[in-house]
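Structure at a glance
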Amino acid sequence: MTGHIGTYDARKVTTTANGIILTGYADGTMVKCSKDNDNFEASSSAQGDAVVSINGDSLGTVEITLNQTSPSIVTLNKLANERTMFPIWVNSNNEIKEVVGGTKAMITKVPDIEHGKSVANRVYTIKVFDYQVK
């Protein structure tokens, strides 16, 4: 019996912020996407009756890690400094197609900046107010 052998190619993942394709990722995790809260909360009474509370929260976070030579730093720093709301989308065109992000997002702050012997990273944390996974 043969199993499925999947393939993944990081070059098939693109991130657009305010319609601009970001480039110059650092080695390792390029982009991390996460929903901030669970879809529901479950609890039970002393007698074991279960209750499910649906959470309508649509907040999410996208974390982008660029190397300090990335041309996208200028774009993201500008969005952060201007406190501009913008759309952000992470598209994976791999075997399993995924689109993550939203139409309303803001960068929480400009990243910490380091300079040293080697190229350093810049990590941007982006809060997405209408987070979606398609």
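So, how was this worked out
- Residues numbered from 1 in each chain as written.
- Predicted model: local features only at pLDDT ≥ 70, side-chain atom pairs only at ≥ 80, totals over all residues.
- Heavy atoms only, no water.
- Helix = DSSP H or I, 4+ residues; strand = E, 2+ residues; numbered from the N terminus.
- Contact = heavy atoms within 4.5 Å.
- Pairing = 2+ DSSP bridges.
- Patch = residues over 30% accessible without salt bridge, like charges linked within 9 Å, V, L, I, M, F, W, Y side chains within 5 Å.
- Areas by Shrake-Rupley, 256 points an atom, 1.4 Å probe, with all protein chains shown as cover.
- Salt bridge = Lys/Arg side-chain N within 4 Å of Asp/Glu carboxyl O.
- Buried < 20%, exposed > 50% of the residue type's maximum accessible area, 1.4 Å probe, protein only.
- Core = buried A, V, L, I, M, F, W, Y, C linked by side-chain atoms within 4.5 Å.
- Arc of directions from axis to C-beta.

**Considering the environment of Val128**
Relative to the helices and strands, Val128 is located in strand β9 (residues 121–128). For the pair Val128 and Asn77, spaced 51 residues apart in the sequence, the C-alpha separation amounts to 17 Å. If we skip the residues at most four places from it in the chain, Val128 touches Ser58, Leu59, Gly60, Val62, Ile88, Gly101, Gly102, Lys104 and Ala105.

**Comments concerning the pairing of strand β8 (residues 97–107)**
Both strand β7 (residues 86–93) and β8 contribute to a ladder of seven bridges, which runs antiparallel. Bridge pairing in β8 places Ile88 opposite Gly102. In this antiparallel pair of consecutive strands, β7 and β8, the connection spans three residues. Taken together, the two bridges between β8 and strand β10 (residues 132–133) define a ladder with antiparallel strand orientation. Across the sheet, the residue bridging to Gly101 is Gln132, located in β10. Across three bridges, β8 lies against β9 in antiparallel orientation. Opposite Ile107, over in β9, you have Ile126 as the bridge partner.

**Observations regarding a nonpolar patch on the surface**
The grouping of Phe40, Val52 and Ile54 at the surface amounts to a nonpolar patch, some 330 Å² of accessible area in total. Mapping Ile54 onto the fold places it in strand β5 (residues 50–54). Looking at Ile54, the relative accessible area reads 69%, which means it is exposed.

**What about the nonpolar core?**
Counting 23 residues, the largest nonpolar core has Val62, Ile64, Leu76, Phe86, Ile88, Ile107 and Ile126 as its most contacted members. Listing elements by their share of this core, those giving two or more residues are β1 (13–17), β6 (60–67), α1 (72–81), β7, β8 and β9. The element contributing the most residues to this core is α1, with four residues. Filtering out sequence-adjacent residues up to four positions away, Phe86 remains in contact with Ala17, Asn18, Leu79, Thr103, Lys104, Ala105, Met106, Ile107 and Ile126.

**Concerning the pairing of β9**
Residue alternation in β9 divides its side chains into a buried set, Arg122, Tyr124, Ile126 and Val128, and an unburied set, Asn121, Val123, Thr125 and Lys127. Relative to β9, β6 runs antiparallel, the two sharing eight bridges. By the bridge assignment for β9, Glu63 is matched with Thr125.

**Comments concerning α1**
Residues of α1 that are buried: Ser72, Ile73, Leu76, Leu79 and Ala80. With its buried residues spanning 135° around the axis, α1 presents them on a single face. Residues of α1 that are exposed and point over 90 degrees away from its buried face: Val74 and Asn81. Among the structural elements, β1, β2 (20–21), β6, β7, β8 and β9 are those in contact with the buried residues of α1.

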